Amino acid sequence: GAVVSQHPSWVICKSGTSVKIECRSLDFQATTMFWYRQFPKQSLMLMATSNEGSKATYEQGVEKDKFLINHASLTLSTLTVTSAHPEDSSFYICSLSGGGTYNEQFFGPGTRLTVL
Amino acid sequence: RKEVEQDPGPFNVPEGATVAFNCTYSNSASQSFFWYRQDCRKEPKLLMSVYSSGNEDGRFTAQLNRASQYISLLIRDSKLSDSATYLCVVATDSWGKLQFGAGTQVVVTP
């Protein structure tokens, strides 16, 4: 399947700072990438669909001004958590569809964000 | 009601035994179905796609029942390395939007 990387793998920051997370497709040109968030012992929740060259589509309840998504190329999407607060502490994971018959998605290794 | 529901477990399974568990989904228009495996503090990894006729991949067998809207996963000859959380995942549209179950934890014991 598609190989996806994320950077950083973990970050600890002070409340009020902004954090940028990069998601890269290493072997596949992805017009669409997905950003998820997972809190402990809960399922992955889709935050937004990132579209190359256009605006992201956000899920209901996700603040687009707080979670800025930029998908400037076919291999890179970024998620910026602006003015992070402790309740934003979570595991953020990106994925992309590898173009298979069943549109299987392949996930990056995730970024663990802790906001103090 | 959640779109995808799973028994959280844990299912404690002796090494070498067989374990099976189901997942139900609420959207009858769902198009694709998957089982993913997630280890603690790691990303989900695709275990297998679930085909309409059911499919097998080594020790793993997946079944889909569209009439009753459930998917099953069976693991034969369980290995210690099978210990993980198994996520039932359903694609609800052709754009690839996925709905995740909360996962079923499997613990294989020596």
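Whatever comes next refers back to the structure up there.
Summary of the structure given here. (Residues numbered from 1 in each chain as written. Chains lettered and ligands numbered in written order. Predicted model: local features only at pLDDT ≥ 70, side-chain atom pairs only at ≥ 80, totals over all residues. Heavy atoms only, no water.)

Thoughts on the overall build of chain A
Within chain A, the regular secondary structure consists of 0 helices and 11 strands. Starting at the N terminus, the α and β elements of chain A follow one another as β-β-β-β-β-β-β-β-β-β-β. The C-alpha atoms of chain A give a radius of gyration of 13 Å, which matches the 13 Å a tight globule of 116 residues would have. Reported as C-alpha extents along the three principal axes, the dimensions of chain A are approximately 40 × 30 × 25 Å. Buried residues in chain A amount to 50% of all 116 residues. Sequence separation of 24 or more characterises 53% of the internal contacts of chain A that already satisfy a separation of 6 or more. Only carbon and sulfur atoms are counted for the fraction: they give 52% of the accessible area of chain A, which is about 5700 Å². The averaged location of the 9 negative side-chain charges in chain A is 7 Å from the averaged location of its 9 positive side-chain charges. (Helix = DSSP H or I, 4+ residues; strand = E, 2+ residues; numbered from the N terminus. Rg over C-alpha atoms; globule rule 2.2 N^0.38 Å. Buried < 20%, exposed > 50% of the residue type's maximum accessible area, 1.4 Å probe, protein only. Contact = heavy atoms within 4.5 Å. Areas by Shrake-Rupley, 256 points an atom, 1.4 Å probe, with all protein chains shown as cover. Lys, Arg positive; Asp, Glu negative; His and termini not counted. Charge placed at Lys NZ, Arg CZ, Asp CG, Glu CD.)

Details of the pairing of strand β11 (residues 111-115) of chain A
All names here are of chain A. Across the two faces of β11 the burial differs, with Thr111, Leu113 and Val115 buried and Arg112 and Thr114 not buried at all. In the sheet, strand β2 (residues 10-13) pairs with β11 via 4 bridges, with the strands oriented parallel. For Ile12, the partnering residue across the bridge sits in β11 and is Thr114. (Pairing = 2+ DSSP bridges.)

Brief notes about the interface of chain B and chain A
The interface is formed by 20 residues belonging to chain B together with 18 residues belonging to chain A. Summing both partners gives a buried area of about 1600 Å² for chain B against chain A, and 58% of it is carried by carbon and sulfur. The interface formed by chain B and chain A includes 1 salt bridge. Residues Glu59 of chain A and Lys97 of chain B are paired through a salt bridge, measuring 2.8 Å at the closest nitrogen-oxygen approach. Put simply, chain B and chain A have 4 residue pairs in polar contact (both at pLDDT 80 or more) between them. Per-element tally for the side of chain B that touches chain A: the top contributor is strand β4 (residues 32-38) of chain B, with 4 residues. (Buried area = accessible area lost by both parts, 1.4 Å probe. Salt bridge = Lys/Arg side-chain N within 4 Å of Asp/Glu carboxyl O. Polar contact = N/O pair within 3.5 Å; in protein donor to acceptor, adjacent residues only side chain to side chain.)

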